[in-house]
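Residues per chain are reported as follows:
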Amino acid sequence: SIMTQHAAAELAVSKLLKAAGDKKKLGNEPRADEVRQLCESSLATLAKAVSGDAAGDAASEATAAAVFMPFIVSLESKNPVLVEESLDGLNEVIAHGLMRDCADPRDAAKKLVDVLVAAVCGCGCMQDEKVQMYVVRVLQTAILSEPNYIHGASLLQSVRTCFNVHLGSQSPANQSAAKAALSRIINSMINRMEGLPPGTTKSPALSSEFENGSGTATPTHRRTPSATPAVSVPVTPPGTT
């Protein structure tokens, strides 16, 4: 419900606001003040939406933009404290269906979801095992959510980031998580192309490549040799016309 969405968003933004105000942990973070201001603006927008003063699709998109901006700026800062809190909160906000197909408030020519994905993927190269795990989790949640707004270059960037974590992470747990996320993401991509329901957990092909651990896809559908009738081809002896 809308109330549940807004409650989850309010909790996540409040936690980020608290983290952005912890100068002892943040150190001299130049974007901390910006994050705090965006969090306060986000909470005010959420309060207005809950009170019923805002309604309609435009208001819903405005609320989504206000909610996601402090998380995006936190990710762009690359500050480990802000990044970790931001990724943790983002997963909850996205899981509760608050993502919208709206413009980036800073640049109307860009989609907010594309900016968000770029910011999340940009943290995938940080040498922090917890951050890497959170990056994979957020990307998986965002891509598997319905309705889905991640397409084209952003989708490819998400897959590439998970693949890089799978190959480059020093943590076996992160490697396994990235591998499982890749399997689910690719399954969902194929399911959507084939028009299968969102809840379908198994695509007819490709998933086994990530599940059997061999690196080679195991076909799920094979023709048995006996299923195809033999065709008799006449042979002409050499020298005959």
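Residues numbered from 1 in each chain as written. Predicted model: local features only at pLDDT ≥ 70, side-chain atom pairs only at ≥ 80, totals over all residues. Heavy atoms only, no water.

The next thing to look at is the pattern of salt bridges. The tally for this structure, following the rule as stated, stands at nine salt bridges. Among the ionic pairs, E34 bridges to R31, the shortest N-O distance being 3.1 Å. Measuring nitrogen to oxygen at the nearest pair gives 2.9 Å for the salt bridge that ties R137 to D88. You can see R137 sitting in helix α7 (residues 129-144) and its partner D88 sitting in helix α5 (residues 80-95), a full 49 residues away along the chain. Given the relative accessible area of 30%, R137 is considered partly exposed. Linked through salt bridges whose partners overlap, the residues forming this network are R31, E34, E76, D104 and R106. (Salt bridge = Lys/Arg side-chain N within 4 Å of Asp/Glu carboxyl O. Helix = DSSP H or I, 4+ residues; strand = E, 2+ residues; numbered from the N terminus. Buried < 20%, exposed > 50% of the residue type's maximum accessible area, 1.4 Å probe, protein only.)

This next bit is on the state of the cysteines. Scanning the entire structure with this criterion turns up zero disulfides. With no disulfide partner, C123 has as its closest neighbouring cysteine sulfur the one in C125, 7.6 Å distant. Under the relative-accessibility criterion, C123 is labelled buried at 0%. Residue class for C125 comes out exposed when judged on its relative accessible area of 57%. (Disulfide = S-S within 2.5 Å.)

A few words on the pairing of strand β2 (residues 107-111). Note: strand β1 (residues 103-104) against β2, two bridges, orientation antiparallel. By the bridge assignment for β2, A103 is matched with K111. In this structure, the hairpin formed by β1 and β2 is closed by a connection of two residues. (Pairing = 2+ DSSP bridges.)

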